[in-house]
Structure formats: structure tokens, C-alpha cells
Amino acid sequence: MAWLLIVLSIFLCWLASLCKIYHASYSSSRTTFLTESKHKRNILLVIAHPDDESMFFSPTISYLTSNGHNLYVLCISTGNADGMGNTRNEELYQACAVLKVPLHQIKVLDNPELQDGFRKVWDHGLLAKIIEEEVASKTIDSILTFDSYGISGHCNHKDVHHGVRRLLNVSQRKIEAWELVSTNLLRKYSGPVDIWFSIMYAMCCPSGQVHCLLTDDPSKSFQAMVQHMSQWVWYAFYVH
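Nothing here was measured: the structure is a model prediction, and the numbers come from that model.

Caption draft 1: Spatial organisation of unusual backbone geometry. Positive phi values are uncommon outside glycine, yet K100 reaches one of about 65 degrees. In this fold, K100 is placed in the loop between α4 (85-98) and β3 (106-108). Located in the positive-phi region is I151, a residue other than glycine, with phi close to 65 degrees.

Caption draft 2: Focus on the pattern of salt bridges. Overall, the coordinates contain six salt bridges when judged by the stated rule. Taking the shortest distance from any N to any O, the salt bridge between R88 and D51 comes out at 3.2 Å. Here R88 is found in helix α4, whereas its partner D51 is found in the loop between β1 (42-47) and α2 (52-55), with 37 residues between them in sequence. Given a relative accessible area of 6%, R88 falls into the buried group. Through salt bridges with shared partners, one network takes in D51, R88 and D116.

Caption draft 3: Spotlight on the sheet that holds strand β5 (residues 176-180). Taken in spatial order, the five strands make up an open sheet running β3-β2-β1-β4-β5, and their pairing is parallel. In this open sheet, the two edge strands, each paired with only one partner strand, are β3 and β5. Adjacent strand axes in the sheet meet at a mean angle of 20 degrees, parallel and antiparallel pairs treated alike. Of the strands in this sheet, β1, β2 (70-75) and β4 (142-146) are in contact with helix α3 (residues 58-66), which crosses β2 at around 145 degrees. The strands touched by helix α7 (residues 155-170) within the sheet are β1, β4 and β5, with β4 carrying the most contacts at an inclination of about 150 degrees.

Caption draft 4: The side chain of D116, seen in detail. When you line up the elements, D116 lands in the loop between β3 and α5 (124-138). Using a relative accessible area of 10% as the deciding quantity, one classes D116 as buried. At 3.4 Å, the side chain of D116 forms a polar contact with the backbone nitrogen of A81. Residues contacting D116, with those up to four places away along its chain left out, are H49, S77, G79, N80, A81, R88, W122, H154 and N156.

Caption draft 5: The nonpolar core, seen in detail. Among the nonpolar cores identified, the biggest contains 46 residues, and I76, I131 and I143 are the most heavily contacted of them. Those residues in contact with I143 that lie beyond four places of it in its chain are L44, V46, I131, V135, V164, L167, I175, E176, A177 and W178.

Caption draft 6: Focus on a nonpolar patch on the surface. Taken together, W196, F197 and M200 make up a surface patch of nonpolar side chains, about 300 Å² in accessible area. Note on placement: F197 falls in helix α9 (residues 194-204).

About the criteria used
- Residues numbered from 1 in each chain as written.
- Predicted model: local features only at pLDDT ≥ 70, side-chain atom pairs only at ≥ 80, totals over all residues.
- Heavy atoms only, no water.
- Helix = DSSP H or I, 4+ residues; strand = E, 2+ residues; numbered from the N terminus.
- Salt bridge = Lys/Arg side-chain N within 4 Å of Asp/Glu carboxyl O.
- Buried < 20%, exposed > 50% of the residue type's maximum accessible area, 1.4 Å probe, protein only.
- Pairing = 2+ DSSP bridges.
- Axes fitted to C-alpha atoms, helices over the stretch in contact; angles between N-to-C directions.
- Contact = heavy atoms within 4.5 Å.
- Polar contact = N/O pair within 3.5 Å; in protein donor to acceptor, adjacent residues only side chain to side chain.
- Core = buried A, V, L, I, M, F, W, Y, C linked by side-chain atoms within 4.5 Å.
- Patch = residues over 30% accessible without salt bridge, like charges linked within 9 Å, V, L, I, M, F, W, Y side chains within 5 Å.
- Areas by Shrake-Rupley, 256 points an atom, 1.4 Å probe, with all protein chains shown as cover.

Now the structure itself:
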């Protein structure tokens, strides 16, 4: 009987969380993230690999594009660790088309010193220089990227974070930067239940420093990730 109550409680919690997400996606957003003025910003999203934009940033991308901001994507590598760089490059463009990011505002690098891999250490100074060139050429107001843990803990994600920090420390430009907050394993795999933790965390932080963003079309995030079929390796293994 006790186990039945536990299972029922978990099910009801999941159901309530899904309802919350569904309701929020069809109601007007009350967040003030980058909407404090009518000025539309030029925002640069800096990622390490193709699929980062869909796996980690798709709700934020949808929020920014739906609010009329001009979003650019700078992908530091082609994700060629397994020799599939060209494929992953094309998948990135397909995913960005789903997310309504203009294809001419996407740039993918293939620098010999910045190659994908868990054992590949990226030069933070070189990253700062490359990002600064993008900031200058696109008249960027704000940068969006990973936090110091890199969400999944991937070393390339962490290096991108430190590259942006290096730029902020040395640049004479006035640039606003935002980072995606990493969560622990319990929250990461709690599914829709994490929405409550995210909302409470944003409410407990000083006003304007942390925002909880919900996409207005959850299916768009899934469709964007579907474009990265080369990365559905484990899924394909278990299915077959």
C-alpha cells in the first residue's frame, strides 16, 4: 500500500509539472529577460559543438527569436571527434532552421587548434580573440554561453565559458554576458518536475540576475534535436 501511494504521488507530481509547462507555454511570459527596453539586441550564442544549441539552449533561442532579438550562433568546432564533422555541420543548420535562426547568422569553425574531443584542451586566449572578432563584426550587445561546469561537464563546454570570461576581462567594449546554469543529476533527470526547482531558484536570486525561461512551443525543441540524427547513437543501439 505504501509503495502504491509513493508511485501515485510521483505520477501526480509529474502530471502537475506537465500541466504547468503546458499552461506556461500558452500564456504570456512575465519574465523581463532582455525586455527592459524596446531596443532589440544583437545576441551571440557561443557553443562548442553542433547539437549544443538544441540540447541545451533551444528554449532560450525560441524565447529570444519570438521577442524579436537578432540571434547569431558561433559554433567553435564541427564536432569531428568521430569523423562526422561534415554531417554534424549540416545537422546544425537544419536544427537552426527549425529554431527560426537565419542560416546566414550561423558560423561554424574548423580551427586545427580547436577540435572536438574530451582530451582536447582549447586555448582560452584564442577563443577570446575569435569571439571578440564576432562581437565586433556583428555589433553584439549580449553573449550567451555555458557556465563554468558546462552543463554536461564536457571540457570543451568549460573552455568556451572561460574563453568568454577572458574576453570580458580584457575587452574595452561594453558587453553583457549570460550563462546557462548547470544542475545536479537529480534535477537533470527529474524531467518536467525540475520546472519547480528552476522557478524557485530564480525567485530566490537577486532580481534580474537569474531567469527561468519556458519555450512557447515545446515540440520545437524536440524537432530541433531530431535533426541531429548522427548523435542518436545510444538510442539506435538500444532500439535495435
